[in-house]
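# Remarks on the overall topology
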Amino acid sequence: AASGERCELREVVLKNKPPEMLAASPKGTVPVLVLADATALEQSLDIMLWALRRNDPLRWLAPGAGTLDDMLALVAACDNGFKPQLDRYKYPGRYADASTGARELGAQFLLELEARLASGSGQLFGARAALADAAVMPFVRQFAMVDSAWFESQPWPLLRAWLAGWTTSPLFERAMRKYAPWTSGEAGAAYPPA
């Protein structure tokens with residue numbers, strides 16, 4: 001949505017994965033972006049980078065502070081450190097090693113984000129939004145939603161304001177529009193929405 005790169009969106013229900021999806025990406029998870037040459041991009045970050053490298057009108061790949069490599073390092077820390085704790089906190093029954101410690105371990109990453117936001121810039125890498133903000137925000141949002149009263153009681157006023165700014169933005173609302181599940185043989189929806 002931020003790049004304006006157009007595609008055909010096919011909303012899928014993961015309990016009923018279409019064969020076309022599994023043919024394009026046997027891993028069977030979303031997102032998947034199938035390019036014109038049939039190459040499948042299977043990770044959110046890869047899809048974001050592909051779209052922004054084609055068109056980056058908001059300059060998300062050129063942060064106001066730091067570098068693209070700095071942003072990618074923060075996203076990797078989120079993916080490799082925070083996301084596993086988020087999964088254990090959100091779905092404790094799925095993990096033999098899940099414990100109440102998952103929330104506390106995840107909170108350590110959120111404290112790091114709060115410290116980053118304390119620079120007064122408003123976003124993770126400067127005064128304007130960048131790739132890292134868009135890549136990390138969905139996971140912070142999921143974490144906040146597990147126990148919203150607990151999240152709201154934590155000493156993270158800047159993080160809560162940052163998250164609220166993202167989740168109430170017109171861009172977020174456009175990106176989060178609901179779509180009917182796609183059925184084989186039908187055309188997908190034009191994305192991003194107008």
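What you see is a predicted model, and the numbers here were worked out from it, not measured in a lab.

What counts as what
Residues numbered from 1 in each chain as written. Predicted model: local features only at pLDDT ≥ 70, side-chain atom pairs only at ≥ 80, totals over all residues. Heavy atoms only, no water. Helix = DSSP H or I, 4+ residues; strand = E, 2+ residues; numbered from the N terminus. Rg over C-alpha atoms; globule rule 2.2 N^0.38 Å. Buried < 20%, exposed > 50% of the residue type's maximum accessible area, 1.4 Å probe, protein only. Core = buried A, V, L, I, M, F, W, Y, C linked by side-chain atoms within 4.5 Å. Contact = heavy atoms within 4.5 Å. Phe/Tyr/Trp six-rings, centres within 6.5 Å; stacked < 30°, edge-to-face > 60°. Lys NZ or Arg CZ within 6 Å of the ring centre and 35° of its normal.

A word on the overall build of the protein. Helices and strands together make up the secondary structure of the protein, namely eight helices and four strands. For the protein, the succession of helices and strands along the chain, N to C, is β-α-β-β-α-α-α-α-α-α-α-β. Taken over C-alpha atoms, the radius of gyration comes to 18 Å for the protein, in line with the 16 Å a tight globule of 194 residues would show. Projected onto the principal axes, the alpha-carbon positions of the protein cover approximately 50 × 40 × 25 Å. By residue count, 36% of the 194 residues in the protein fall in the buried class.

Time to look at unusual backbone geometry. Along the chain, Val30 connects to Pro31 via a cis peptide bond; the corresponding omega equals 5°. By the secondary structure assignment, Pro31 is in the loop between helix H1 (19-24) and strand E2 (33-34). Pro192 follows Tyr191 through a cis peptide bond whose omega is 0°. Mapped onto the elements of the fold, Pro192 is located in the segment after strand E4 (189-191). Despite not being glycine, Ala38 has its phi angle at roughly 80°, a positive value. In this structure, Ala38 sits in the loop between E2 and strand E3 (40-41).

What follows covers the nonpolar core. With 41 residues, the main nonpolar core has Leu110, Leu113, Val136, Val140, Phe151, Leu159 and Trp162 as its most contacted residues. Of all elements in the fold, only helix H2 (44-54), helix H3 (68-90), helix H4 (101-117), helix H5 (131-146), helix H6 (148-153) and helix H7 (157-167) reach the threshold of two or more residues within this core. Not counting residues up to four positions away in its chain, the partners in contact with Val140 are Phe82, Leu110, Leu113, Phe151, Leu159, Trp162 and Leu163.

The subject of this paragraph is the environment of Glu42. With respect to the helices and strands, Glu42 occurs in the loop between E3 and H2. Each C-alpha atom of the pair Glu42 and Pro84 lies 18 Å from the other, and the pair is 42 residues apart in sequence. Sequence-distant contacts of Glu42, that is, excluding residues within four places in its chain, are made with Ser25, Pro26, Lys27 and Pro31.

A few words now on the packing of aromatic side chains. Counting across every chain of the model gives nine aromatic pairs. The interplanar angle of 65° and the centroid separation of 6.5 Å between the aromatic rings of Tyr89 and Trp150 together place this pair among those described as edge-to-face. Placement of Tyr89 in helix H3 and of Trp150 in helix H6 is noted, with a sequence separation of 61 residues between them. Across the pair, Trp150 and Tyr89 agree in class, each one buried. Here Trp150 and Trp156 contribute two aromatic rings whose centre-to-centre distance is 5.7 Å and whose plane-to-plane angle is 80°, an arrangement assigned as edge-to-face. Pair check on accessibility: Trp150 and Trp156 agree, each one buried. By way of ring pairs, the aromatic residues Phe82, Tyr89, Phe109, Phe143, Trp150, Phe151 and Trp156 are connected into one cluster. Across from the ring centre of Tyr91, 3.8 Å away, lies the NZ or CZ of Arg94, which sits over that ring. The lysine or arginine in question, Arg116, covers the ring of Phe125, its NZ or CZ lying 4.3 Å from the ring centre.

Without other data, these values stay purely geometric and don't point to any function.
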